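# Secondary and tertiary structure notes
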Amino acid sequence: MVTESVRTALACAIALCAASVTAAPPLVAVDIGHTLDAPGATSARGRSELEFNRDLARALVNALEARGIDTVLVNADGRIESLAARPASVPHADFFISIHHDSTGAHELTDWEWMGTPQTFNDRWSGHSLFVSRRNPDLALSTLCGRSIGARMQRAGFVPTHKNGRKRGYVDFEHALHHFDNLIVLYRAEQAALLFEAGVIKHRDEELLLRDARYQARMADEIATGLAACLSTRREPINPDAR
């Protein structure tokens, strides 16, 4: 059943509505997924996921701040010590979003060569997806913001992937929003939280888009719009002194 708050947030996202009912701007923690020691997946052309995550996270910070939303960048130096340390470092944030880029299973990859270096690719899967945990203390807002971002992304022409539906159950099929209950950064967060997979870096064409600064800025703008619309539905005032 679609509740009135869901309708409000989705309508607000589509209409570029970001008016706030809070006493102070919300504080959003933007987490750069992976670390220098564990840089995540490798793209079709050999670039680490961490580099993609860092670029998009910084673009998202800019887009949120342009809307008057306060931000804090988590794992800015790529050296954070653990998954649990990510949400633990921002207990007073009002929302936590972890930025990642997707890959595919090793059995789905095809060998190729790029610039004289052996690499692998998969051109079957492309597109973004989102994840929330039912163990998060504010699942309702996590889900609402996932739907709001997903709606805004699709309104702008971004196409989600349903690759992850093979292993992860759906919260919202239309917006490619999935359950990921045991993901530490989501269930250890003290605030609403979601993980955003921006696209599949093993897809050769999508990789090039995801590396493009203008594409990153456009994607970040839609994420920020959806998130601002969602957070504007909060009824309780935000106390900046608690931070």
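As shown above, the structure is provided for reference.
Since the model is a prediction, treat every value here as computed from it, not as a measurement.

Rules behind the numbers
Residues numbered from 1 in each chain as written. Predicted model: local features only at pLDDT ≥ 70, side-chain atom pairs only at ≥ 80, totals over all residues. Heavy atoms only, no water. Helix = DSSP H or I, 4+ residues; strand = E, 2+ residues; numbered from the N terminus. Expected span 1.5 Å × (residues − 1). Buried < 20%, exposed > 50% of the residue type's maximum accessible area, 1.4 Å probe, protein only. Disulfide = S-S within 2.5 Å. Salt bridge = Lys/Arg side-chain N within 4 Å of Asp/Glu carboxyl O. Contact = heavy atoms within 4.5 Å.

Compared with an ideal rise of 1.5 Å per residue, which puts 17 residues at 24 Å, helix α4 (residues 139-155) spans 24 Å between its outermost C-alpha atoms and is within 8% of the ideal. Across the 17 residues of α4, 13 count as buried, placing the element largely inside the fold. One or two residues past the end of α4 sits G157, with phi positive at roughly 100 degrees.

One pass over the full model with this rule turns up 1 disulfide. Disulfide partner of C145: C230, at an S-S distance of 2.0 Å. The sign of the S-S torsion, about -80 degrees, decides the handedness of the disulfide formed by C145 and C230: left-handed. Of this pair, C145 sits in helix α4 while C230 sits in helix α7 (residues 213-231), and the two are 85 residues apart along the sequence. Each of the two residues, C145 as well as C230, counts as buried.

Before going further, it helps to examine the pattern of salt bridges. Within this structure, the stated rule accounts for 13 salt bridges. The shortest N-O distance in the salt bridge between D123 and R204 comes to 2.6 Å. Linking D123 in the loop between β5 (117-121) and β6 (129-132) with R204 in helix α6 (residues 204-211), this pair joins segments that are 81 residues apart in sequence. Within the structure, one salt-bridge network assembled from shared partners comprises R45, E207 and R211.

With that settled, the discussion passes to the environment of L177. Its place among the elements puts L177 in strand β8 (residues 177-179). Considering only alpha carbons, one finds L177 and R147, 30 residues apart in sequence, at a separation of 7.1 Å. Leaving out residues up to four positions away in the same chain, L177 has contacts with L130, F131, V132, T143, G146, R147, G169, Y170, V171 and D172.

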